[in-house]
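This is what each chain is made of:
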Amino acid sequence: MSKREKIEIPVEAIKEQQEIISRVRQRNDLDLQRSGRHKSAMVVTYGCQQNENDTEHLKGMLKEMGYLFTEEKEEADLILYNTCCVRENAELKVFGNVGALKHLKTKKPHMLIGICGCMMQQEHIVKQIKSKYKHVDMVFGTHTLYKFPEVLEKAMDEAYTVIDILDNDGYIVEDLPIHREGRVKAWVSIMYGCNNFCSYCIVPYVRGRERSRKPDIIIEEIRQLVSEGYKEITLLGQNVNSYGKDLDTPMDFADLMEQVNAVQGVKRIRFMTSHPKDISDKLINVMGEGENICEQLHLPFQAGSNNVLKAMNRKYTKERYLELIRKAREAMPDIALTSDIIVGFPGETNEDFEQTLDIVRQVEFDSLFTFIYSPRKGTPAENLDDVLTKEEKQANFQRLLELQNEISLKKNKAYLGKTVEVLVEGTSKNNSEMLTGRTRTGKIVNFAGDQAMIGELINVEISDVQTWSMVGSVHG
Ligand code: 5AD
Ligand code: SF4
């Protein structure tokens, strides 16, 4: 048996779930005939883009089982939380929300409550749910997401909590139903899992080892999306730069990007996330040359001090990171750069933190995702001692935010008077008369325009900028 066969779920297992989907659908159709009311489901997603993509699959399955979607708890026959455990506050929110449903469940005992995703891959969390949140009907992890129909069917009949968690390295599951959120841009997972074990991070424990989807399947999915009218594709993986290492015919991420760039009709290609230790010169060249590949790179550096980077097990130095940025800018002078930063990793001193600020000043990122370190159970950093107090960490965090806000505004100001290509995504959240979209560099642009422009590439002249967005008018 090859190593791939072990990680690909056999077609029969997916077929079995399809049969369950049909059975649940029949039950729900009967209910509809009797009550004249469609069943509705509410799915709440926490965390990263990978979770958003998983939710699209959960919704795809729900839709095939006859559910409509709602945002109102009171209306829902089924509430599902797709959880994240990267930081403690994400977990606390889930516990808070699930706890608050107890009352509603008493009022509506037939409403089903489920929790799935990364949090559920942790034994201590599942134990906590079992003992303190008895009103929860379904619990399943990231590795058994494809078995959601089976879990749901059981939960419809049983009074106990149905639990389906696999403690393994995870699989690749193809051909799951999908209900995509938008019609203009789509996410495509190219690989799952992570092998890096950064010392603060829980992801490798809950998402399993790296496994890549086959390139022909990825390309076919993208062709299909283009034929449905999608213009922008974001390739997803915890560390896309190690794509392909596990394939029977190994290839690398740069090769895949070349293939995606060659798909007719794809207007914009993005990807996330990249690890600085794995990003290659070949990829930077492919990005520079691929005309559909956006001039944008999300390259998390996490911390500026080499001591902290070592303790984080990141396997690069501040100097190497800055060298990568130099190369990326050489290949793409207008590239937009973003990064993730953790403030207050155990052992980080104020001098170490100055190194983080120094990178931010030198690179001048377009925007940043900043986090205060949150200890995660079972990770190597969990029991390391702090040098800084909570207040000192908070003060450093604030300094970082202020510095970045200044830089973001300055970078946006450079767009004033320029004409940029905007892919129009929809109407603006704050003003329904305005359209909203993004530049190739990922900047949000709002402008007055016709609804027919949604899904089109429109040239917009920028007339006003803020820290997080810009305003303009249709050019010519
Ligand atoms: N505490 C704080 N931030 C974390 N991240 C990952 N683990 C932790 C943690 N324990 C951040 C990293 C990563 C992003 C997705 O979340 O910056 O790149
Ligand atoms: Fe976590 Fe590091 Fe893997 Fe990113 S590369 S998911 S930070 S272990």
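Here, every reference points to the structure presented above.
Parameters at a glance
- Residues numbered from 1 in each chain as written.
- Chains lettered and ligands numbered in written order.
- Predicted model: local features only at pLDDT ≥ 70, side-chain atom pairs only at ≥ 80, totals over all residues.
- Heavy atoms only, no water.
- Helix = DSSP H or I, 4+ residues; strand = E, 2+ residues; numbered from the N terminus.
- Rg over C-alpha atoms; globule rule 2.2 N^0.38 Å.
- Buried < 20%, exposed > 50% of the residue type's maximum accessible area, 1.4 Å probe, protein only.
- Areas by Shrake-Rupley, 256 points an atom, 1.4 Å probe, with all protein chains shown as cover.
- Lys, Arg positive; Asp, Glu negative; His and termini not counted.
- Charge placed at Lys NZ, Arg CZ, Asp CG, Glu CD.
- Near = heavy atom within 4 Å.
- Polar contact = N/O pair within 3.5 Å; in protein donor to acceptor, adjacent residues only side chain to side chain.
- Axes fitted to C-alpha atoms, helices over the stretch in contact; angles between N-to-C directions.
- Parallel < 35°, antiparallel > 145°, perpendicular 65-115°, else oblique.
- Left-handed = near helix turned anticlockwise from the far one by under 90°.
- Contact = heavy atoms within 4.5 Å.
- Nonpolar A, V, L, I, M, F, W, Y, C, P; charged D, E, K, R; others polar.
- Core = buried A, V, L, I, M, F, W, Y, C linked by side-chain atoms within 4.5 Å.

A. Focus on the overall build of the protein chain. A count of helices and strands for the protein chain gives 15 helices and 19 strands. In terms of overall size, the protein chain behaves like a compact globule, its C-alpha atoms giving a radius of gyration of 23 Å where 476 residues would be expected to give roughly 23 Å. Judged by the C-alpha coordinates and their principal axes, the protein chain covers about 65 × 60 × 50 Å. The buried share among the 476 residues of the protein chain stands at 54%. Carbon and sulfur atoms provide 49% of the accessible area of the protein chain, an area that totals close to 21800 Å². With 63 positive and 72 negative side-chain charges, the protein chain shows a separation of 3 Å between the mean positions of the two kinds.

B. Representation of the site of ligand 1 within the structure. Around ligand 1 sit V86, R87, Y200, Q302, D340, I342, F371, I372, Y373, S374 and R376, and that is every residue in its neighbourhood. With respect to ligand 1, the side chain of R87 contributes an N or O atom lying 2.8 Å from an oxygen atom. Note that an oxygen atom of ligand 1 is positioned 2.6 Å from one of the side-chain N or O atoms of Q302. Within the complex, the protein chains bury 85% of what would otherwise be the 400 Å² of accessible surface of ligand 1. Looking at the shell around ligand 1, the elements with two or more residues in it are strand 13 (336–343) and strand 14 (367–372).

C. Representation of the packing of helix 11 (residues 281–289) against helix 13 (residues 318–331). With their axes 9 Å apart at the nearest point, helix 11 and helix 13 run at an angle of 25° to one another. What the angle tells us is that helix 11 and helix 13 run roughly parallel. Note on packing geometry: the crossing formed by helix 11 with helix 13 is right-handed. Taking contact as the criterion, the partners of D281, I284 and G288 in helix 11 are, on helix 13, L324, K327, A328 and A331. Of the residues contributing to the contact of helix 11 with helix 13, the split by class is 4 nonpolar, 1 polar and 2 charged.

D. Seen up close, the nonpolar core. If you look at the biggest cluster of nonpolar residues, it comprises 69 residues, and the most contacted ones within it are I222, L235 and F253. Ignoring anything within four residues of it in the chain, the contact list for F253 reads I190, L235, V240, N241, Y243, F271 and L283. Among the nonpolar cores identified, the runner-up in size contains 28 residues, and I14, L78, M138 and L152 belong to it.

E. Here's a closer look at the environment of E210. When you line up the elements, E210 lands in the loop between helix 8 (203–207) and strand 9 (211–212). Those residues in contact with E210, other than ones at most four positions away along the chain, are M191, Y192, G193, C194, N195, N196, N239, S242 and D246. Within the local environment of E210, its side chain forms a polar contact with the side chain of S242, the two groups lying 3.0 Å apart.

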